[in-house]
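Per-entry structural report
Residue-level listing of the chains:
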Amino acid sequence: MIAIDQIAQINTLPIWQGDITTEPLGGGLTNVNYVVTDAAQKYVVRLGQDIPEHQVMRFNELAASRAAHLAGLSPAVIHAQDGVTVLDFIECRTLSETDVSGTGMLERIIPLVQTCHREVLKHLRGPSLIFWVFHVIRDYVATLTERDSPHIGQLDEFLKIADELETAAAPFDIVFGHNDLLAANFLDDGKRLWLIDWDYAGFNSPLFDLGGLASNNMLSQAQEIKMLDLYFGSAPNTELLHRYMAMKSASLMREMLWSMVSELTSVLDVDFTAYTAENRARFLDVYKEFSQT
């Protein structure tokens, strides 16, 4: 649905050449997106303010988006002002979970993840956030406690598990992570892949992105081993697999808690109660698997 106030905001941007047409672009859970066409070209317009309860800060997203473009990963930022980012439009298709797990796709995706981890920070300017999943988990628990969440009875146990996972996932290498590797954040233009949406970007362990990539896209165990082999250049040993499973578990706990907070705060027309239940079941399954490694 097109919101009149959002269209009015877009119309006032000083970059358009001639008349514009505006169409909604779905998919965002932390922002609203539109495709805008003027006399020169197409653009993607992202509308969104800071979301402190999710630690989404737009200055950080903008800096990461610009750096990711310079690293060859993302479309160019054409214009930015408070609550608005305008990006170059890429003619492409958005990947699905089935695409990500399809034949030959990990061989295309992992180089993008490696470029994110190794090259984006070389182009990053200004202050940047760290996305430490265990801090995020503790902050979500505090938010849920303060707001008297219906899930409050489970939170102490989640904190104990988070402490266990943080210990198990050490030692830590630190890279610049995307931290939200959903299938929908990969675009295929027929020649190459693009990585978009840097809302949660920040310094982190590479195992978080890899665990998120696997859990978000339902990779099989064999595909996870292949993913780790592609990323690290050799098959993972027992110690790396244990650390990886700890971080994968943490990524799913974070997604579950994100949804619990969204149940209380989001104004989007999304069934977050169902999403919480789905991710709680997935987290418990992966945590059980971790406990057996």
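The structure we're discussing is the one just above.
One structure accompanies this document, and this report is about it.

Some remarks on the packing of helix H9 (residues 238-265) against helix H10 (residues 272-291)
Where H9 meets H10, the closest approach of the two axes is 8 Å, and the angle between their N-to-C directions is 160 degrees. Between H9 and H10, the interaxial angle falls into the category roughly antiparallel. Judged by the sense of rotation from one axis to the other, the crossing of H9 with H10 is left-handed. The class makeup of the residues in the contact of H9 with H10 is 13 nonpolar, seven polar and six charged.

Thoughts on the sheet that holds strand E4 (residues 77-81)
If you trace the five strands from one edge of the open sheet to the other, you get E1-E2-E3-E5-E4, paired in antiparallel fashion. Each edge of the open sheet is held by one strand with a lone partner, namely strand E1 (21-25) and E4. The sheet shows a mean angle of 20 degrees between the axes of neighbouring strands, direction not considered. The pairing of E4 with strand E5 (residues 84-88) spans four bridges and is classified as antiparallel. Its bridge partner being in E5, His 79 is matched across the sheet by Val 86.

Section: the packing of aromatic side chains
Each pair of aromatic rings is reported with the distance of its centres and the angle of its planes. In the structure shown here, the tally under the stated rule is 12 aromatic pairs. A centroid spacing of 5.9 Å and a plane angle of 20 degrees characterise the contact between Phe 283 and Tyr 287, whose relative ring orientation is stacked. Taken together, the residues span about one helical turn, with Phe 283 and Tyr 287 both in helix H10 at a distance of four residues. One aromatic cluster is present, built from ring pairs that chain together Phe 158, Phe 283, Tyr 287 and Phe 290. We note Arg 118 situated over the ring of Tyr 231; from NZ or CZ to the ring centre the distance is 5.9 Å. Here Arg 254 stacks its cationic end above the ring of Tyr 200, 4.6 Å away from the centre of that ring.

Description of the pairing of E5
Summarising burial for E5: four of the five residues are buried, a large majority. Two strands pair when backbone bridges link them, and strand E3 (residues 42-47) and E5 are joined in this way by five bridges, in the antiparallel orientation. Bridge assignment links Arg 46 to a residue of E5, and that residue is Thr 85. Counted along the chain from E4 to the antiparallel partner E5, the turn is two residues long, and its residue Gly 83 has a positive phi close to 80 degrees.

Digging into the sheet that holds strand E8 (residues 186-188)
Taking strand neighbours across the sheet as the criterion, the three strands line up as E6-E8-E9 in an open arrangement whose pairing is antiparallel. Looking at which strands have only one partner, the edges of the open sheet turn out to be strand E6 (93-94) and strand E9 (193-195). By the bridge criterion, three bridges tie E8 to E9 in an arrangement that is antiparallel. Bridge assignment links Phe 186 to a residue of E9, and that residue is Leu 195. In the packing of helix H4 (residues 106-119) onto the sheet, the strands contacted are E8 and E9, and the crossing angle to E9 comes to about 40 degrees.

As for the pattern of salt bridges
Here the structure, examined in full by the defined rule, presents 17 salt bridges. For the salt bridge of Asp 197 with Arg 46, the shortest nitrogen-to-oxygen distance reads 2.6 Å. Here the residue Asp 197 occupies a position in the loop between E9 and strand E10 (202-204), and Arg 46 occupies one in strand E3, the gap between them amounting to 151 residues. Among the residues examined, Asp 197 registers a relative accessible area of 21% and is labelled partly exposed.

Remarks on unusual backbone geometry
For the bond running from Ala 170 to Pro 171, omega is 0 degrees, close enough to zero to count as cis. Mapped onto the elements of the fold, Pro 171 is located in the loop between helix H6 (155-169) and strand E7 (175-177). The backbone phi angle of Asn 179 is positive, close to 70 degrees, even though this residue is not glycine. Along the chain, Asn 179 falls in the loop between E7 and E8. Under the relative-accessibility criterion, Asn 179 is labelled buried at 2%. One non-glycine residue, Asp 197, lies in positive phi territory at about 65 degrees.

Considerations on the environment of Phe 186
Relative to the helices and strands, Phe 186 is located in strand E8. Judged by its relative accessible area of 0%, Phe 186 falls in the buried class. Leaving out residues up to four positions away in the same chain, Phe 186 has contacts with Arg 93, Thr 94, Leu 95, Ile 109, Leu 112, Leu 181, Trp 194, Leu 195 and Leu 213.

Observations regarding the packing of helix H7 (residues 206-216) against H9
Look at H7 against H9: their axes get within 8 Å of each other, and the N-to-C directions meet at 65 degrees. One finds that H7 runs roughly perpendicular with respect to H9. As for how H7 packs across H9, the hand of that crossing is right-handed. Of H9, the residues touching H7 (which contributes Leu 207, Phe 208, Leu 210, Gly 211, Gly 212, Ala 214 and Ser 215) are Leu 240, Arg 243, Tyr 244, Met 247, Lys 248, Ser 251 and Leu 252. Classifying every residue of the contact of H7 with H9 by side-chain character gives eight nonpolar, four polar and two charged.

Rules and cut-offs
Residues numbered from 1 in each chain as written. Predicted model: local features only at pLDDT ≥ 70, side-chain atom pairs only at ≥ 80, totals over all residues. Heavy atoms only, no water. Axes fitted to C-alpha atoms, helices over the stretch in contact; angles between N-to-C directions. Helix = DSSP H or I, 4+ residues; strand = E, 2+ residues; numbered from the N terminus. Parallel < 35°, antiparallel > 145°, perpendicular 65-115°, else oblique. Left-handed = near helix turned anticlockwise from the far one by under 90°. Nonpolar A, V, L, I, M, F, W, Y, C, P; charged D, E, K, R; others polar. Pairing = 2+ DSSP bridges. Phe/Tyr/Trp six-rings, centres within 6.5 Å; stacked < 30°, edge-to-face > 60°. Lys NZ or Arg CZ within 6 Å of the ring centre and 35° of its normal. Buried < 20%, exposed > 50% of the residue type's maximum accessible area, 1.4 Å probe, protein only. Contact = heavy atoms within 4.5 Å. Salt bridge = Lys/Arg side-chain N within 4 Å of Asp/Glu carboxyl O.

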